[in-house]
Amino acid sequence: MTQPTLDVLEALLDAKDFELHGWAIIKTTGKSGPTVYKILERLLGQGHLTARWEEQGPDDAGPRKRFYKLTPDGKVYARTLVAERRPAAARRLGWALSLLTFGRLA
Amino acid sequence: MSTSWWVASAVGAFVLSLIAAEVSDIAPWVADRILPLAARLWTRDPEMRKVYAEEWRSAPGKLFKLSVALSFLSVGIVREIARHVGTARAKRTARRSEINYAELTVDQIARLLEERQLNVRRTDDGKGIVVTNESPTAVHDLLIDMKVEPPVIYSSTSRRARRRRWHLF
């Protein structure tokens, strides 16, 4: 597990509806395009993400953006990883507590 | 500072700003032409090539878009090279795994090569074979096709190479 992968997962966990488009992920993580897209490719292949095209109206011009969203499995995967590797970030977003509760219930 | 220096600086700055404006204007056009190639090198999946080509076109800015296109292109080239090297290595491994490692003596191998019209002679220490009318790769492949584990073979395809040193493979 690389730091850029954790950056991408953290950005998605922090996003509204756990969804961001590719350029937003690049901007949030500060990583290069190829680095981020390699990670997105891998996470999509593992089933942790789903992708969808931006819905454009007839008046919208320009190329469409593609949004990446964490799947339910992906959320658990991302939260577990971030809580393990970046406890400070997990605490900041309140995941550690929920994971702890989840762990006690399980 | 002399007046001519100031004039030269002003003209230089003006020309540079013109060039920067031109580059900035044509950058998205260049990026749009690079991105389909970058997507083609990035993945072998035809569907994903279309997806990436369109998605990467939505990069914001002019110069940023060009820099993104160039970065995807460079990584795509590296990926493509890695794919080719990996494929060649996999083929070699597959071919070698099919070999029945016949325990042939160097004499027997020399005879087999002579039957294939190759000019063969033994090295001075008697442990190797010198092939003078074929490339090392071709002899190696020939031996693999004959299901013979290649021994240490030296080959020289030209007088110049002979003078320089024997090829070892």
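Up top is the structure.
These numbers were taken from a predicted model, which means no experiment stands behind them. Numbers given to residues run from 1 along each chain, matching the order in which its sequence is written. In the order they appear in the text, chains get letters beginning with A and ligands get numbers beginning with 1. For a predicted model such as this one, the threshold for reporting local features is a pLDDT of at least 70, and the threshold for listing and counting side-chain atom pairs is 80 or more; totals across whole chains, interfaces and linings nevertheless cover every residue. Think of the side-chain values as coming from all heavy atoms in the structure, minus any hydrogens and water.

Digging into the overall build of chain B
In this description a helix means any DSSP run of H or I spanning at least four residues, a strand means any run of E spanning at least two, and both kinds are numbered starting from the N terminus. Looking only at helices and strands, chain B has six helices and four strands in total. The linear arrangement of helices and strands in chain B, starting from the amino end, is α-α-α-α-β-β-α-β-α-β. A 1.4 Å probe rolled over the protein chains alone gives each residue an accessible area, and that area as a share of the maximum for its type sets the label: buried under 20%, exposed over 50%, partly exposed in between. Looking at chain B residue by residue over its 169 residues, the buried ones come to 31%. Two residues qualify as a contact provided that any one of their heavy atoms is within 4.5 Å of a heavy atom in the partner residue. Within chain B, contacts between residues at least 6 apart in sequence are counted, and of these 51% link residues at least 24 apart. For chain B, the accessible surface area stands at approximately 11,000 Å², while carbon and sulfur atoms represent 58% of it. Accessible surface is estimated by sampling points in the Shrake-Rupley manner with a 1.4 Å probe; for residues, cover comes only from the protein chains shown.

Notes on the side chain of Lys-65 of chain B
Residue and element names in this part refer to chain B. For Lys-65, the position within the fold is in helix H3 (residues 63-97). Any pair of N or O atoms that falls within 3.5 Å is considered a polar contact. Within protein, one atom must be able to donate a hydrogen and the other to accept it, and sequence-neighbouring residues count only if both atoms are side-chain atoms. A polar atom in the side chain of Lys-65 sits 3.0 Å from the side chain of Asp-32. Polar side-chain contacts of Lys-65 include one of 3.1 Å to the backbone oxygen of Arg-57. Beyond its immediate stretch of four places on either side in the chain, Lys-65 contacts Pro-28, Ala-31, Asp-32, Leu-35, Arg-57, Ala-59 and Pro-60.

Remarks on the sheet that holds strand S3 (residues 66-70) of chain A
Residues and elements named next belong to chain A. For two strands to pair, DSSP has to find at least two bridges joining them. Taken together, three strands build an open sheet; the order of strands is S1-S3-S2 and the sheet is antiparallel. In the strand order of this sheet, the two ends are held by strand S1 (19-21) and strand S2 (49-53), each with one partner. On average, each strand axis in the sheet is tilted by 25 degrees relative to the strand beside it, whichever way the strands run. Only the stretch in contact is used when fitting a helix axis, every axis being a line fitted to C-alpha atoms; angles between N-to-C directions are given from 0 to 180 degrees. This element, helix H3 (residues 33-45), spans S2 and S3 of the sheet and lies at about 110 degrees to S2.

Some remarks on the interface of chain A and chain B
At the junction of the two partners, chain A supplies 13 residues and chain B supplies 17 residues. Interface area for chain A against chain B, summed over the two sides, is near 1,400 Å², with a carbon-plus-sulfur share of 63%. By definition, a salt bridge exists where a carboxyl oxygen of Asp or Glu is found within 4 Å of a side-chain nitrogen of Lys or Arg. On inspection of chain A and its partner chain B, the count reaches three salt bridges. Taken together, chain A and chain B are joined by six residue pairs in polar contact (both at pLDDT 80 or more). Counting only elements with at least two residues in the side of chain A that touches chain B, the list comes to helix H2 (22-29), H3 and S3 of chain A. Top contributing element to the side of chain A that touches chain B by residue count: H3 of chain A, with five residues. Grouping the constituent residues of the side of chain A that touches chain B by class yields six nonpolar, two polar and five charged. As used here, buried area is the combined drop in accessible area, with a 1.4 Å probe, of two parts when they are placed together. By the convention adopted, Pro, Cys, Tyr, Trp, Phe, Met, Ile, Leu, Val and Ala count as nonpolar, Lys, Arg, Asp and Glu as charged, and the other residues, Gly among them, as polar.

Describing the environment of Phe-18 of chain A
Residue and element names in this part refer to chain A. Relative to the helices and strands, Phe-18 resides in the loop between helix H1 (3-14) and S1. Under the relative-accessibility criterion, Phe-18 is labelled buried at 18%. Residues Phe-18 and Tyr-68, 50 residues apart in the sequence, show an inter-C-alpha distance of 8.3 Å. Sequence-distant contacts of Phe-18, that is, excluding residues within four places in its chain, are made with Leu-12, Leu-13, Tyr-68, Lys-69, Leu-70, Lys-75 and Arg-79.

Side note on the pattern of salt bridges
Using the criterion set out here, one finds eight salt bridges over all chains in the structure. Between Glu-55 of chain B and Arg-66 of chain A there is a salt bridge, and its shortest N-O distance comes to 3.8 Å. Here Glu-55 of chain B is found in helix H2 (residues 46-57), whereas its partner Arg-66 of chain A is found in strand S3 on a different chain. According to the relative accessible area criterion, Glu-55 of chain B is buried, its value standing at 1%. For Arg-66 of chain A, a relative accessible area of 10% corresponds to the buried category. Between Asp-32 of chain B and Lys-65 of chain B there is a salt bridge, with its nearest N and O atoms 3.0 Å apart. Here the residue Asp-32 of chain B occupies a position in helix H1 (residues 3-42), and Lys-65 of chain B occupies one in helix H3, the gap between them amounting to 33 residues.

Points about the nonpolar core
General note: in soluble globular proteins, nonpolar side chains tend to be found buried as a group. Only buried Ala, Val, Leu, Ile, Met, Phe, Trp, Tyr and Cys residues count toward a nonpolar core, and they belong to the same one when joined by side-chain atoms within 4.5 Å. Ranked by internal contacts, the top residues of the largest apolar core, which has 46 residues, are Ile-25, Tyr-37, Leu-40 and Leu-70 of chain A together with Trp-56 and Phe-72 of chain B. Top contributing element to this core by residue count: H1 of chain B, with eight residues. Counting residues in hydrophobic clusters, the runner-up holds 12 residues, among them Ile-109, Ala-110, Val-120 and Ile-129 of chain B.

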